Amino acid sequence: MKIPIARTSLTLQERQSVLGPLESGWLVQGPKVREFEQKWSSFTGATHSIAVTSCTGALHLSLAALGFGPGDEAIVPAFTWISTANVVEHLGGKVVFCDVDLETFNLDVRQVESKITGRTKAILPVHLFGLAADMDPIVELARKHNLWIVEDAACGFGSKYQGSHVGTIGDAGCFSFHPRKAITTGEGGMVTTNDDSLAEKIRRLRDHGAAMTDLHRHLGARPYLLADHPDAGYNQRMTDLQAALGAAQMDRASDIVCERQTLAKRYDEAFAKLEWMRIPFEHDDYEHGYQSYPCLFMPEEVNPTTVEGINSRRNEWMDVLQKKGISTRPATHAVHMLSFYREKYQLSPDDFPNARAADQCSISLPLFHGMKKSEQDFVIEKVLETEFLCAE
């Protein structure tokens, strides 16, 4: 049996949904994008949802619309996907890394205030792997220091913090529809915000800065007149082909989240007593969406002196699982250890020790919508079967 780390599962109706735009002839941003946005707002509770080309594009547009620019600083978790930091660089800003809490893999809110300077303009909390960041203290700091909050909710579909869906707490939230996500459009992203003026500006910026979309113009009395462009914008529009697929999946959004949570619970029950692997964090204040199932591999106490040895043992264990047909991954990477940021900011791995440990000692097990019970049973069986490799 071969179990991938993730697999896209679409119904016949969802696969056929892309035929609508093909048959209508309207392929670019149009009525299906509008439908997808409306369904996304209904599900998350956001006032505005704005479909774009990717979560990276969503982050970029959100910061640009807020006015983030050259010389400004943004606080970014050191353990996240690289695009969280890249958008700051693309706008001419400075990335200020902050370490993470090794129990949650999310931003260590106790360290955030020490990173704030006179140039700080934004905090980019990441709701990593479907677990919300601890938003109350982040919101408190943002209000105290007059900072923007742009939530990186790439993995946050179905994730809630104290009852609020992630992406609706800060100034803007940014979601991904990459194939490893619960809702996928191949590539694609969504911005959510409750700010009317911010939403209007993001809509313009995604569409070359145009004051009116092509759809609105074509449906108007004078479709031959071109729109004004109040901003020098970008081309970050989602197509109707992608949106048709996303909108169709939203009809079973709650079921998709429920299934992932059920799969995660089965893993929890199977692995809860393992001393050498810590399962994902849970708390009553958080509703986990389980974009993935990230664990901490810990055959001994994880600290700066043991990380290298644990990493070697983790990699050997991943090799064994791969040979048995089970794909695994490190949960994600520590951005400060990647060449560009390490060299530009002259950083060493132990500048953010928890991020380094998460990079070197985390492991994600297969979890995806449509995963069969027999497939998950096989993963559980093989993990428990190789326990002798992981115990001290």
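Anything mentioned here points back to the structure above.
Residues numbered from 1 in each chain as written. Predicted model: local features only at pLDDT ≥ 70, side-chain atom pairs only at ≥ 80, totals over all residues. Heavy atoms only, no water.

Caption draft 1: Geometry of the environment of Asn-146. On the secondary structure map, Asn-146 appears in the loop between helix 6 (135-145) and strand 5 (148-152). Taking the C-alpha atoms as reference points, Asn-146 and Thr-120, separated by 26 residues in sequence, lie 9.3 Å from one another. (Helix = DSSP H or I, 4+ residues; strand = E, 2+ residues; numbered from the N terminus.)

Caption draft 2: Representation of the sheet that holds strand 10 (residues 277-278) within the structure. One open sheet holds the 3 strands; their spatial order is 10-12-13, and the pairing between them is antiparallel. The sheet is open, and its two edges are formed by strand 10 and strand 13 (362-365), each paired on a single side. The strands touched by helix 11 (residues 307-323) within the sheet are strand 10, strand 12 (293-297) and strand 13, with strand 12 carrying the most contacts at an inclination of about 130 degrees. Running over the sheet, helix 13 (residues 353-361) touches strand 12 and strand 13 and is turned about 45 degrees from strand 13. (Pairing = 2+ DSSP bridges. Contact = heavy atoms within 4.5 Å. Axes fitted to C-alpha atoms, helices over the stretch in contact; angles between N-to-C directions.)

Caption draft 3: Fine view of the environment of His-60. Along the chain, His-60 turns up in helix 4 (residues 55-66). Given a relative accessible area of 10%, His-60 falls into the buried group. Excluding anything up to four places from it in sequence, His-60 contacts Val-87, His-90, Leu-91, Tyr-234 and Gln-236. (Buried < 20%, exposed > 50% of the residue type's maximum accessible area, 1.4 Å probe, protein only.)

Caption draft 4: Here's a closer look at the packing of aromatic side chains. All chains considered together, the criterion is met by 21 aromatic pairs. Consider the rings of Phe-36 and Trp-40, whose centres lie 6.2 Å apart with planes at 80 degrees: the pair is edge-to-face. Of the two residues, Phe-36 and Trp-40 both sit in helix 3 (residues 31-44), 4 residues apart, roughly one turn of that helix. As far as burial versus exposure is concerned, Phe-36 and Trp-40 are alike and both buried. Ring plane angle 65 degrees and centroid distance 6.3 Å describe the contact between Phe-79 and Phe-129, whose orientation is recorded as edge-to-face. With Phe-79 in the loop between strand 2 (73-77) and helix 5 (83-90) and Phe-129 in the loop between strand 4 (120-123) and helix 6, this pair connects stretches of sequence that are 50 residues apart. This pair shows no difference in class: Phe-79 is buried, exactly as Phe-129 is. The structure contains a cluster of three or more aromatic residues connected by ring pairs, namely Phe-36, Trp-40, Phe-43, Phe-157, Phe-175 and Phe-177. (Phe/Tyr/Trp six-rings, centres within 6.5 Å; stacked < 30°, edge-to-face > 60°.)

Caption draft 5: Geometry of the pairing of strand 8 (residues 172-176). Extensive coverage of strand 8 is indicated by the burial of 5 of its 5 residues. The side-chain alternation of strand 8 yields two buried faces, one formed by Ala-172, Cys-174 and Ser-176 and the other by Gly-173 and Phe-175. Looking at chain direction, strand 5 and strand 8 are connected through 3 bridges and run parallel. Bridge assignment links Asp-152 to a residue of strand 8, and that residue is Cys-174. Note that strand 8 and strand 9 (residues 189-193) share 4 bridges and pair antiparallel. Pairing of Cys-174 across the sheet is with Val-191, part of strand 9.

Caption draft 6: Expanded view of a nonpolar patch on the surface. On the surface, Leu-19, Leu-22, Leu-27 and Val-28 cluster together into a nonpolar patch covering about 330 Å² of accessible area. Considering the arrangement of structural elements, one finds Val-28 in the loop between helix 2 (19-24) and helix 3. Judged by relative accessible area, Val-28 falls into the partly exposed class, the value being 47%. (Patch = residues over 30% accessible without salt bridge, like charges linked within 9 Å, V, L, I, M, F, W, Y side chains within 5 Å. Areas by Shrake-Rupley, 256 points an atom, 1.4 Å probe, with all protein chains shown as cover. Salt bridge = Lys/Arg side-chain N within 4 Å of Asp/Glu carboxyl O.)

Caption draft 7: Representation of the sheet that holds strand 6 (residues 160-161) in the model. Across the sheet, 3 strands lie side by side as 7-6-11; this open sheet has antiparallel pairing. Strands with a single pairing partner mark the edges of an open sheet, and in this sheet they are strand 7 (164-165) and strand 11 (286-287). Summarising the sheet, strand 6 and strand 11 pair through 2 bridges and their orientation is antiparallel. Bridge assignment links Lys-160 to a residue of strand 11, and that residue is Glu-287.

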